[in-house]
Amino acid sequence: VFQPGYSQNLSEAIDAARAVGVDPDKLAAAEAALATLQEGALVSEVAAKAKAEADAVKAAEAKLKAAMPYPFQHASSAKLKPALEAARASEVVPEALLASAESALQATLEHDQRENARAAEAALKAAMPLPFQRADPAKLKPAIAEAKKAGAPEAAITNAETKLAEAMAYARNEAEKEYEA
């Protein structure tokens, strides 16, 4: 029966028996039992370590797979990026899964960038004046800045800047007329 500290107690008992002069055959049997006990403890320790490593691999893979998107869906970069970093840090996740996750993250980031550009372009169009109207600089300036930041098409930005310049010039002319009057 194995009990914690049993191998230490047996080792001390063997040393004490040797000092007293106990029969060498009995000492050899006790030393063999001690060696078997220590070998069994080493095997158990190695098995526990291997199981812990396997569990770590499974946990890292499960976390990464949970963050991965289903086919024809986009992943959440807020979930996938930390899961990918954790998987890389664990150094136990297969390279194929890491490569798949990296490509999914790249596709997600590109999709998010396109969506941000589309949203900024839509906001810019909403801030643009209708035909035969003047632009409102208070609405158009922030929309232009956001469109530039998001990477909206250059043609839309240039058109908005032209409308803004026209509105600013008109406001300046009107202010000069009022000042002169």
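Residues numbered from 1 in each chain as written. Predicted model: local features only at pLDDT ≥ 70, side-chain atom pairs only at ≥ 80, totals over all residues. Heavy atoms only, no water.

**With respect to the side chain of Glu61**
Test applied: Put simply, DSSP H or I for four residues or longer makes a helix, DSSP E for two residues or longer makes a strand, and each gets a number counted from the N terminus. Burial classes: relative accessible area under 20% of the type maximum marks a residue as buried, over 50% as exposed, and values in between as partly exposed (1.4 Å probe, protein chains only). Charge counting treats Lys and Arg as positive and Asp and Glu as negative, with His and both chain ends excluded. A pairing counts as a salt bridge when a side-chain nitrogen of Lys or Arg comes within 4 Å of a carboxyl oxygen of Asp or Glu.
With respect to the helices and strands, the residue Glu61 is situated in helix α2 (residues 24-67). Of the buried charged residues, Glu61 lacks a salt bridge, with Lys65 as the closest side chain of opposite charge at 4.5 Å.

**A look at the packing of aromatic side chains**
The following threshold applies: Working definition: a ring pair exists when centres of Phe, Tyr or Trp rings (six-membered ring for Trp) sit within 6.5 Å. Plane angles under 30 degrees give stacked, over 60 give edge-to-face, the rest tilted. Lysine and arginine charges are scored as sitting over a ring when NZ or CZ, respectively, is within 6 Å of the ring centre and within 35 degrees of the ring normal.
Applying the stated rule across the entire model yields zero aromatic pairs. The ring of Tyr170 is capped by Arg134, whose NZ or CZ atom sits 3.4 Å from the centre of that ring.

**Things to note about the packing of helix α4 (residues 95-127) against helix α5 (residues 137-150)**
The line we're drawing: Between N-to-C directions, angles cover 0 to 180 degrees, with each direction set by a line fitted to C-alpha atoms, over the stretch in contact for helices. Angle categories: roughly parallel below 35 degrees, roughly antiparallel above 145, roughly perpendicular from 65 to 115, and oblique for all the rest. When the near helix sits turned anticlockwise from the far one by under a right angle, the crossing is termed left-handed; a clockwise turn instead gives a right-handed crossing. A contact between two residues is defined here by any heavy atoms of the two lying within 4.5 Å. As a working rule, the residues Ala, Val, Leu, Ile, Met, Phe, Trp, Tyr, Cys and Pro are called nonpolar, Asp, Glu, Lys and Arg charged, and the rest polar, with Gly in that last group.
Running from N to C, α4 and α5 point in directions that differ by 160 degrees, and their axes come no closer than 8 Å. Taken together, the axes of α4 and α5 lie roughly antiparallel to each other. The way α4 lies across α5 gives a crossing that is left-handed. Along its contact with α4, which presents Gln113, Asn116, Ala117, Ala120, Ala123, Leu124 and Ala127, the element α5 presents Lys139, Leu140, Ala143, Ile144, Glu146, Ala147 and Ala150. In the contact of α4 with α5, the residues fall into 10 nonpolar, two polar and two charged.

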